[in-house]
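What the coordinates show
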Amino acid sequence: MNVKQTIPKHLRFTVEDFNNRFPDDAACLDELMRLRFPNGISYCEKCEKDRKRYRIEGRPVYSCGYCGTQVSPMAGTIFEKSTTSLRLWFYAMYLMASTRCGISAKQIQRETGVTYKTAWRMFKQIRSLLSEPDLQLEGLSVEIDEAYIGGKNKNKHRSKIRDMRGRDADAKVPVLGMVERGGRVVARVTPSVKAETVYPIIREHVLPESVVFTDDYCVYDRLTESTPYTHRRIRHSEKVYVMGDVHTQTIEGFWSLVKRGLTGVYHNVGKHYLQTYLDEYSFRYNRRHKGNLIFNDVFEKVSEKAVARPSSKDRQMQPE
Ligand SMILES: [Zn+2]
């Protein structure tokens, strides 16, 4: 694992730290229990009230201190129906949180001996935790830029494929990115780069008082009249890239990070999955000041995105 050594000490969470915190499956289960049910208290359906839970030795369940009804902290989470060990799941989350450019299923296959299929599925599930569809950018200077990802001439900026015709151009997936300068990013797969598609996405994530910076691509022509933003443009078509504070270099930097990762680490990403990869890159980018403590944020998402409280039916389905 290539953990960047430039991370300040207080933001480091090394493989050794990981091993100390999660020595085995039981330790992982206890942490998961603490995360999902603070102080070991959860609702007991039989008692119809909150009850203190106690670990049952040798089984991944906790029982109600009053009636003995069992509950698993894995119920409703991405771990629920998996036969892969919890510690391996946690390690996969750790790897995904600790990289900057993405982590391939091949690597976890090599490191841990799980099959490629299992590794791929784990990462797919972990990625599903990382979407933040409601993220509202609060910075008042926001750069916006679209890009095209995938296809045969993969990962080219629009300026380089503008004249292309036919299937190659069609195979590319348009994506729209919005980034607060010095802050967070929102990246979305979009069905097209027409104003009627793009403007609603911008309005959803960017505050009305914001100054937005774009290049001179025609889709942004009506931005001032159609939206509540102050709009500043840089003339990329005339090969001008920076003029004072007018530029889109922050969002272009994010796109190049995504494109490098998708080309170098993930090789082929189908259109269908592209948004989940954008979510992965955005999640890390938005927490880049946290070093590899990003793991904790990924871990918290396990509980945040778990489906409701485990039902009695779920409990009966718990493995012995
Ligand atoms: Zn009970």
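So, how was this worked out
Residues numbered from 1 in each chain as written. Predicted model: local features only at pLDDT ≥ 70, side-chain atom pairs only at ≥ 80, totals over all residues. Helix = DSSP H or I, 4+ residues; strand = E, 2+ residues; numbered from the N terminus. Buried ≥ 20, exposed ≤ 12 C-beta atoms within 10 Å, placed from the backbone. Contact = placed C-beta atoms within 7 Å. Axes fitted to C-alpha atoms, helices over the stretch in contact; angles between N-to-C directions. Parallel < 35°, antiparallel > 145°, perpendicular 65-115°, else oblique. Left-handed = near helix turned anticlockwise from the far one by under 90°. Nonpolar A, V, L, I, M, F, W, Y, C, P; charged D, E, K, R; others polar. Pairing = 2+ DSSP bridges. Core = buried A, V, L, I, M, F, W, Y, C linked by C-beta atoms within 7 Å. Arc of directions from axis to C-beta.

A word on the overall build of the protein. For the protein, the count of helices and strands is 13 helices and 11 strands. In the protein, which comprises 320 residues, the proportion classed as buried is 34%. Long-range pairs, those at least 24 residues apart, make up 59% of the contacts in the protein with a sequence separation of at least 6.

For the rest of this paragraph, the subject is the packing of helix α3 (residues 86-98) against helix α12 (residues 294-304). Contact pair α3 / α12: the axes reach a minimum separation of 8 Å and the direction vectors enclose 130 degrees. By the angle class used here, α3 and α12 are oblique. The crossing of α3 and α12 is right-handed. In this structure, α3 uses M93, Y94, M96, A97 and S98 to contact α12, whose residues at the interface are I294, F295, V298 and F299. Residue composition of the contact of α3 with α12, by class: eight nonpolar, one polar and no charged.

This brings us to the sheet that holds strand β7 (residues 185-189). Spatial strand order, β7-β6-β5-β8-β9: five strands in an open sheet with mixed pairing. Edge strands, defined here as strands with exactly one partner in the open sheet, are β7 and β9 (230-234). On average, each strand axis in the sheet is inclined to that of its neighbour by 25 degrees, with strand direction left out of account. Relative to strand β8 (residues 211-215), strand β5 (residues 141-149) runs parallel, the two being bridged by three bridges. Bridged to E143 within β8 is F213. In the packing of helix α10 (residues 249-264) onto the sheet, contacts are made with β5, β6 (173-180) and β7, and the angle to β5 comes to roughly 30 degrees. Each of β5, β6 and β7 is contacted by helix α11 (residues 274-285), which is oriented at about 175 degrees to β7, the strand it contacts most.

Interhelical geometry of α3 versus helix α5 (residues 116-128) gives an angle of 65 degrees and a closest axis separation of 10 Å. Considering their axes alone, α3 and α5 lie roughly perpendicular with respect to each other. Read as a crossing pair, α3 and α5 show a hand that is right-handed. Contact residues: α3 offers W89, A92, M93 and M96, while α5 offers M122, F123 and I126. When grouped by side-chain class, the residues that make up the contact of α3 with α5 number seven nonpolar, no polar and no charged.

A few words now on the nonpolar core. Of all hydrophobic cores here, the largest spans 39 residues; its most connected members are W89, A92, M93, Y94 and M96. Looking at this core, the elements with two or more residues in it are α2 (25-36), α3, α4 (105-112), α5 and α12. Among the elements that line this core, the one with the most residues is α3, at 11 residues.

Inspection of the secondary structure assignment puts K124 in helix α5. The class for K124 is partly exposed, based on 13 C-beta atoms found within 10 Å. When the C-alpha atoms of K124 and Y277 are compared, they prove to be 9.0 Å apart, with 153 residues separating the residues in sequence.

Moving on, we get to unusual backbone geometry. With a phi angle near 65 degrees, N39 is a residue other than glycine that sits in the positive phi range. Within the secondary structure, N39 is located in the loop between α2 and β1 (41-44).

Here we have four strands laid out as an open sheet, ordered β1-β2-β3-β4, and antiparallel in their pairing. Both outer strands of the open sheet, β1 and β4 (70-71), are each paired with one neighbouring strand and no more. As paired elements, strand β2 (residues 49-55) and strand β3 (residues 62-64) share three bridges and run antiparallel to each other. Following the sheet pairing, R53 is matched in β3 by C64.

In this section: α12. Among the residues making up α12, those that are buried are I294, F295, V298, K301 and V302. Summarising the axial view, the buried residues of α12 lie within an arc of 115 degrees, below the 170-degree limit, and thus occupy one face. Exposed and facing more than 90 degrees away from the buried side of α12 are E300 and E304. Against the buried residues of α12 lie α2, α3 and α11.

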